[in-house]
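So the chains spell out like this:
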Amino acid sequence: MFKRYFYIFVLLVTYTYHIGVANSKMLTYEQLVQEALVHSPILKPSDAKLNVMEKSVKLNNSYYFPTFEIKQKYLNTTGPVNAFGMKLTKKELMASDFQNIDKLNTPDSENIHQTTLSVYIPIDISGSISANKNVIDNQNSATEFEKKWVETEIKKNLYALYYTNLNLMKMEDFLKKERKFLEGVARAYDIKSSENKNRYLTYNQARIILENIAEGINSTKVERNKILESVRYICGVEDVELASVLPKELDITNMSAGQEATFYRYDLESMKKMMDAASASIIKEEKNYWPSLGAFAEYNITTGKFDHYAKDRTVGIGLNWSFGMSIPASVSLAKANFVLSKTNYESKKTSVLSEVKKLKDELEQLKYAIESIEKKHKLFEENKKILDYQYKRGSVELYNMLDNFTHYLQNYSELQNKKSEYRSKLISYTLNFQQGVK
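Analysis parameters
- Residues numbered from 1 in each chain as written.
- Predicted model: local features only at pLDDT ≥ 70, side-chain atom pairs only at ≥ 80, totals over all residues.
- Heavy atoms only, no water.
- Helix = DSSP H or I, 4+ residues; strand = E, 2+ residues; numbered from the N terminus.
- Buried < 20%, exposed > 50% of the residue type's maximum accessible area, 1.4 Å probe, protein only.
- Contact = heavy atoms within 4.5 Å.
- Axes fitted to C-alpha atoms, helices over the stretch in contact; angles between N-to-C directions.
- Parallel < 35°, antiparallel > 145°, perpendicular 65-115°, else oblique.
- Left-handed = near helix turned anticlockwise from the far one by under 90°.
- Nonpolar A, V, L, I, M, F, W, Y, C, P; charged D, E, K, R; others polar.
- Pairing = 2+ DSSP bridges.
- Expected span 1.5 Å × (residues − 1).
- Arc of directions from axis to C-beta.
- Salt bridge = Lys/Arg side-chain N within 4 Å of Asp/Glu carboxyl O.
- Patch = residues over 30% accessible without salt bridge, like charges linked within 9 Å, V, L, I, M, F, W, Y side chains within 5 Å.
- Areas by Shrake-Rupley, 256 points an atom, 1.4 Å probe, with all protein chains shown as cover.
- pLDDT = per-residue confidence, 0-100.
- Core = buried A, V, L, I, M, F, W, Y, C linked by side-chain atoms within 4.5 Å.
- Phe/Tyr/Trp six-rings, centres within 6.5 Å; stacked < 30°, edge-to-face > 60°.
- Lys NZ or Arg CZ within 6 Å of the ring centre and 35° of its normal.
- Polar contact = N/O pair within 3.5 Å; in protein donor to acceptor, adjacent residues only side chain to side chain.

## Things to note about the overall build of the protein chain
Thinking step 1. The number of helices and strands found in the protein chain is 10 helices and 6 strands.
Thinking step 2. Scored against the burial criterion, the 438 residues of the protein chain give a buried share of 33%.

Given below as structure tokens:
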């Protein structure tokens, strides 16, 4: 009975494992980017901002259209002027109302029920509505560029994480292979030197190195799990796994005086559009010096006792021209905001250009360092083979091999770190030029 239940348990575990693997998405870098551009929570604020800007455009466009208003009111008064006016509005005023002066001075209470329908059509003679539209359009463009910059940052971070994961995989495979090699050497030394009282110093050194290797393997697994969680968050997909397929190689665009036209960054374009919006805001505020003009129409239906209804209409054009210290103050503030926006843009651009030039030098330095470390790796690997051969022949001691072996491990670890750093800086450099390509 126990064997039967155990067999069923094994089947269930195996089935669950295969279901989990089948549901996981093993994605390449290019596929990760596609998922992130659709599902990433990092893009949600940008989408929300774009939605706000879209509604702002619609709101501003609505100012060109007529405004309709319906009013319903009920009044009761004994005021002489109001009572007289209400009778006149209801068209109930008679000659007898003028014969009794006391009634004019102390009238009975009058009731009025009135429905008013009105329409107002703005006439944008100053161009203030179109000026505000220009401000909003520039802000909208700035928000679009801001989202593209966030998308660029997502691509950059995914690229760096993807390559770091690949290098950690190589490091883990390397450490596992070298652990197996050192375990064999240490085991053989222990057997061969079992009667040597002083053997423990060298043997323990080998065991210490083996512990360091085991710690290194565990660290690579932990770091890869961290990377995977970061990638899943950036992509907005929980069941993502990282493939081991190399991304397409990036082209390095050299930046020189004749090639600065190829330089293109969405964050700078966003700041430039905000600067344009600040410039347009000055024009918008200056429009307040102009008068406002509008056509209006009003239709009233008035009754007292609901036995008859009085109707009247009013049409006209209204001009409103107001002045105050707030107008030049608002213009002055708009100009100050423009200067601030322009200063921030120029400062950021100078900083970015300097950063790009430094990145180019760092890439050259890293490239040279990687080539040098790779050469040393081959030399350490060759020394390892020679020392292993000599050790088996008895011409060298184990500590000679361990010394070279330790440097061999350290050199390879540094190689993988430099490669990860190089890829991270490479994508940061390249996207300064290629992100503007459609």
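## Looking at the side chain of Ser270
Thinking step 1. Turning to its location among the elements, Ser270 is positioned in helix 8 (residues 266-286).
Thinking step 2. For Ser270, a relative accessible area of 10% puts it in the buried group.
Thinking step 3. The residues contacting Ser270, other than those within four sequence positions of it, are Ala142, Phe145 and Glu146.

## As for the packing of helix 3 (residues 44-62) against helix 6 (residues 128-192)
Thinking step 1. As a packed pair, helix 3 and helix 6 sit with axes 9 Å apart at the nearest point and diverge in direction by 165 degrees. Compared by their axis directions, helix 3 and helix 6 come out roughly antiparallel. Crossing angle aside, the handedness with which helix 3 passes helix 6 is left-handed. Counting all contacts with helix 3, which are made through Ser46, Asp47, Lys49, Leu50, Met53, Ser56, Val57, Asn60 and Asn61, the residues of helix 6 involved are Ile129, Asn132, Lys133, Ile136, Asp137, Gln139, Asn140, Thr143, Glu144, Glu146, Lys147 and Val150.
Thinking step 2. Its residues assigned to classes, the contact of helix 3 with helix 6 comprises 6 nonpolar, 8 polar and 7 charged.

## Looking at the sheet that holds strand 2 (residues 67-77)
Thinking step 1. Taking strand neighbours across the sheet as the criterion, the 4 strands line up as 2-3-5-6 in an open arrangement whose pairing is antiparallel. In this open sheet, the two strands that pair with only one neighbour each are strand 2 and strand 6 (310-320). Strand-to-strand twist in this sheet, taken as the mean axis angle between neighbours without regard to direction, amounts to 20 degrees.
Thinking step 2. Of the strand pairs in this sheet, strand 2 and strand 3 (residues 110-123) are connected by 11 bridges, and their pairing is antiparallel. Directly across from Leu75, in strand 3, lies its bridge partner Ile112.

## A few points about helix 3
Thinking step 1. For helix 3, which comprises 19 residues, the first-to-last C-alpha distance of 27 Å matches the rise-based estimate of 27 Å (1.5 Å per residue) to within 8%.
Thinking step 2. Within helix 3 the residues assigned to the buried category are Ser46, Leu50, Met53 and Asn60. Buried positions in helix 3, seen along its axis, are confined to an arc of 85 degrees and lie on one side of it.

## Topic: the pattern of salt bridges
Once the charged atoms of two side chains with opposite charge are near each other, the side chains can pair.
Thinking step 1. Applying the stated criterion to the full structure yields 17 salt bridges.
Thinking step 2. A salt bridge links Asp47 to Lys147; its shortest N-O distance comes to 2.7 Å. With Asp47 in helix 3 and Lys147 in helix 6, this pair connects stretches of sequence that are 100 residues apart.
Thinking step 3. For Asp47, a relative accessible area of 32% translates into the label partly exposed.

## Remarks on the environment of Val185
Thinking step 1. Among the secondary structure elements, Val185 is positioned in helix 6.
Thinking step 2. Taking C-alpha positions, Val185 is 8.6 Å from Leu398, a pair spaced 213 residues apart along the chain.
Thinking step 3. With residues up to four places along the chain from it excluded, the contact list for Val185 reads Asp388, Tyr391, Leu398 and Met401.

## Description of a nonpolar patch on the surface
Thinking step 1. A cluster of nonpolar side chains, Ile70, Leu117 and Tyr299, forms an exposed patch at the surface whose accessible area comes to about 290 Å².
Thinking step 2. Relative to the helices and strands, Leu117 is located in strand 3.

## Some points on helix 8
Thinking step 1. The end-to-end C-alpha distance of helix 8, which contains 21 residues, comes to 31 Å, matching closely the 30 Å that a straight helix rising 1.5 Å per residue would cover.
Thinking step 2. Taken together, the buried residues of helix 8 touch helix 6 and helix 9 (326-393).

## A closer look at the confidence of the model for the protein chain
Thinking step 1. On average, the protein chain scores 85 in pLDDT, and the residues at 70 or more come to 88%.
Thinking step 2. Taken as a whole, residues 1-22 scores under 50 in pLDDT and shows 0 contacts with residues more than four places along the chain or in a different chain.

## Some thoughts on the nonpolar core
Thinking step 1. With 67 residues, the main nonpolar core has Leu32, Leu158, Ile213 and Val231 as its most contacted residues.
Thinking step 2. Listed by contribution, the elements that provide at least two residues to this core are helix 2 (29-39), helix 6, helix 7 (199-235), strand 4 (240-242), helix 8, helix 9 and helix 10 (398-434).
Thinking step 3. If you tally residues by element for this core, the top one is helix 6, at 16 residues.
Thinking step 4. Apart from the residues within four sequence positions on either side, Leu158 is in contact with Tyr29, Leu32, Val33, Ala36, Val231, Ile234 and Cys235.

## Notes on the pairing of strand 3
Thinking step 1. Pairing analysis gives 11 bridges linking strand 3 to strand 5 (residues 292-303), with the strands arranged antiparallel. Within the sheet, the bridge partner assigned to Gln114 lies in strand 5 and is Thr302.

## Structural notes on the packing of aromatic side chains
Thinking step 1. Applying the stated criterion to the full structure yields 12 aromatic pairs.
Thinking step 2. Note on Phe174 and Tyr408: the rings are 5.3 Å apart at their centroids and 65 degrees apart in plane angle, and the pair reads as edge-to-face. One end of the pair, Phe174, is in helix 6; the other, Tyr408, is in helix 10, and 234 residues separate them in sequence.
Thinking step 3. An aromatic cluster is defined as three or more aromatic residues linked by ring pairs; in this entry it consists of Phe174, Phe181, Phe405, Tyr408 and Tyr412.
Thinking step 4. Lys384 extends its terminal NZ or CZ atom over the ring of Phe181, reaching a point 4.3 Å from the ring centre.

## Quick word on the side chain of Arg232
Thinking step 1. Here Arg232 lies in helix 7.
Thinking step 2. A relative accessible area of 14% places Arg232 in the buried class.
Thinking step 3. In terms of polar contacts, Arg232 uses its side chain to reach the backbone carbonyl oxygen of Val240, at 3.1 Å.
Thinking step 4. Once you skip the residues sitting within four places of it in the chain, Arg232 turns out to touch Val237, Glu238, Val240 and Glu241.

## Examining the environment of Glu414
Thinking step 1. Among the structural elements, Glu414 can be located in helix 10.
Thinking step 2. In this structure, the C-alpha to C-alpha distance between Glu414 and Ala369, residues 45 residues apart in sequence, is 10.0 Å.

## So, the packing of helix 6 against helix 9
Thinking step 1. For the pair helix 6 and helix 9, the least separation of the axes is 13 Å and the interaxial angle reads 20 degrees. One element, helix 6, and the other, helix 9, form an angle in the roughly parallel class. Between helix 6 and helix 9 the crossing geometry is left-handed. Taking contact as the criterion, the partners of Phe174, Lys177, Glu178, Phe181, Val185, Tyr189 and Lys192 in helix 6 are, on helix 9, His377, Glu381, Lys384, Asp388 and Tyr391.
Thinking step 2. Considering only residue class, the contact of helix 6 with helix 9 consists of 5 nonpolar, 1 polar and 6 charged.

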